[in-house]
Amino acid sequence: MIIRRYLVKQVVSTSLVVIALLTLIMMGGRLIKYFGVAAQGRLDASILLSIIGYRLPEFLTLILPLGFFIGLMLVFGRLYVDHEMAVLNGSGISRNRLARLLIPLTLVYMLVQSILMLWMSPWGIRQFEQLTTSQAVRTGFDLVRPKEFISSGPYTIYAGSLSEDHKNLKEIFFYQRAEKPGKPDVMILAKEATRVEMMDDSANVVDLVQGRRYEIYPGQPRYSQAEFESYRLRLENDKTANFESDDVAALTTSKLWEQRADPVVESELGWRIFVPFAIMVALILAMALSEVSPRQGRYMKLFPALLIFASLIVALMAIKTRASKDEIGIWAYPAVLLVYAVAGALFSRKQKLAPKLKKQIKRVRS
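Residues numbered from 1 in each chain as written. Predicted model: local features only at pLDDT ≥ 70, side-chain atom pairs only at ≥ 80, totals over all residues. Heavy atoms only, no water.

**Q** I tried to follow the packing of aromatic side chains on my own but got confused; where do I start?
**A** In this description, a pair of aromatic rings is defined by centroid distance and the angle of the planes. Throughout the structure, instances matching the rule amount to six aromatic pairs. Taking 4.5 Å as the distance between ring centres and 35° as the angle between the ring planes, the aromatic pair formed by Phe-68 and Tyr-109 counts as tilted. With Phe-68 in helix α2 (residues 48–81) and Tyr-109 in helix α5 (residues 103–136), this residue pair connects regions lying 41 residues apart in the sequence. Taken individually, Phe-68 and Tyr-109 each receive the classification buried, so the pair is uniform in this respect. Here the aromatic rings of Phe-69 and Phe-309 are separated by 4.6 Å at their centres, their planes lie at 10°, and the arrangement is stacked. Remark: Phe-309 occurs in helix α10 (residues 302–324) and Phe-69 occurs in helix α2; sequence separation between them is 240 residues. The residues Phe-69 and Phe-309 share a single accessibility class, namely buried. Directly above the ring of Tyr-217 sits Arg-222, whose terminal nitrogen or CZ lies 3.7 Å from the centroid. The ring of Trp-271 has Lys-320 lying over it, and the distance from NZ or CZ to the ring centre is 5.0 Å. (Phe/Tyr/Trp six-rings, centres within 6.5 Å; stacked < 30°, edge-to-face > 60°. Helix = DSSP H or I, 4+ residues; strand = E, 2+ residues; numbered from the N terminus. Buried < 20%, exposed > 50% of the residue type's maximum accessible area, 1.4 Å probe, protein only. Lys NZ or Arg CZ within 6 Å of the ring centre and 35° of its normal.)

In structure tokens:
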């Protein structure tokens, strides 16, 4: 049908633009955070794009329903403003029929959302945790870059030059803050350094050549100095360093089903199963809330509608939190979705219900 193709084209193009913009905004903020981590020497800047790629499915699980809803609101708002809806209604095509024409497209979006929730997002979180965990144990000379001061935990390191294989360094400056009060800070200046390969990854080991070692007592007018021709320096890797993680969110759906007796696992499982149905609710709400007069403009009801749909997402997130504490069952997920769907359906019929209610009120008064 021509009308269906027209609506599908409009909704898909508009919603994809909105999804792209929301993704750019949200991922941009996250990227700035990781740039800050990289600047502190706790993360290799070369893997930033990989990290963003792994986190993308997780963000899309919330962006996709919202983008689809905004796309519907914009498209139907334009139909009202441009009088296209009046022409369609005059041709015998009601608003409810237009909604039915969009059901196949809505099911496609639900399928994509389900794939993101059930498979892609947990996989991305697992890959993200593996990548950041491997970076978290990197320390000291693993992160050195030529002519840059790098801070990693209690260490600050500088190298004037660095070989391509990162094994040979020149013009070394090394500073280590004392871990306990009263202990001296250590500063080392060396002409050259060579990385030493170890059997395990528990530490960074380098052989320093032709340098000086200083022990400095902060706040006190004393220090000690020693010259050396060769000095071996060992830096223990920080195995406790880690990034934010959510083990339950990283589990596969099959493992969640096996461990569903646990409230936290049950809450996550319900979240993955029922959140995709928010896209169907988005269609019902958009049909009910998008009606505007040409004088009002297509954006007149966009913000209030966004607040209503956002309240649905917030309600689902609140259920996830309370269900994880065993304060409520996962039956609350479909209950909330049903309440919003019924409210949207009733609101979309207000034009038909209002005259009937007025007649009933007149009869009661008479």
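**Q** Can you walk me through helix α9 (residues 278–289) in this structure?
**A** At 3.6 residues per turn, the α-helix brings residues three or four places apart onto the same side. With twelve residues, α9 extends 16 Å from end C-alpha to end C-alpha; this agrees with the ideal 16 Å at 1.5 Å per step. For α9, every residue scored as buried is listed here: Ala-278, Ile-279, Val-281, Ala-282, Leu-283, Leu-285, Ala-286, Met-287, Ala-288 and Leu-289. (Expected span 1.5 Å × (residues − 1).)

**Q** Got a minute to help me understand the pairing of strand β3 (residues 168–176) in this structure?
**A** The side chains of a regular strand alternate between the sheet's two faces. In this sheet, β3 lies alongside strand β2 (residues 155–162) in antiparallel orientation, the contact comprising seven bridges. Bridging from a neighbouring strand, Leu-162 pairs with Leu-169 of β3. Relative to strand β4 (residues 185–196), β3 is paired through eight bridges, and the arrangement is antiparallel. Bridging across to β4, Gln-176 finds its partner in Val-186. (Pairing = 2+ DSSP bridges.)

**Q** Teacher, can you tell me more about the packing of α2 against α9 here?
**A** In a packed pair of helices, the relevant descriptors are the angle between the two axes and the axis-to-axis distance. The contact between α2 and α9 brings their axes to 9 Å, and the two run at 25°. Between α2 and α9, the angle is such that the two are roughly parallel. Crossing hand, α2 versus α9: right-handed. When α2 is examined against α9, the residues Leu-64, Pro-65, Phe-68, Phe-69, Leu-72, Met-73 and Phe-76 are found in contact with a partner set consisting of Ile-279, Ala-282, Leu-283, Leu-285, Ala-286, Met-287 and Leu-289. Among the residues making up the contact of α2 with α9, the classes are represented as 14 nonpolar, no polar and no charged. (Axes fitted to C-alpha atoms, helices over the stretch in contact; angles between N-to-C directions. Parallel < 35°, antiparallel > 145°, perpendicular 65-115°, else oblique. Left-handed = near helix turned anticlockwise from the far one by under 90°. Contact = heavy atoms within 4.5 Å. Nonpolar A, V, L, I, M, F, W, Y, C, P; charged D, E, K, R; others polar.)

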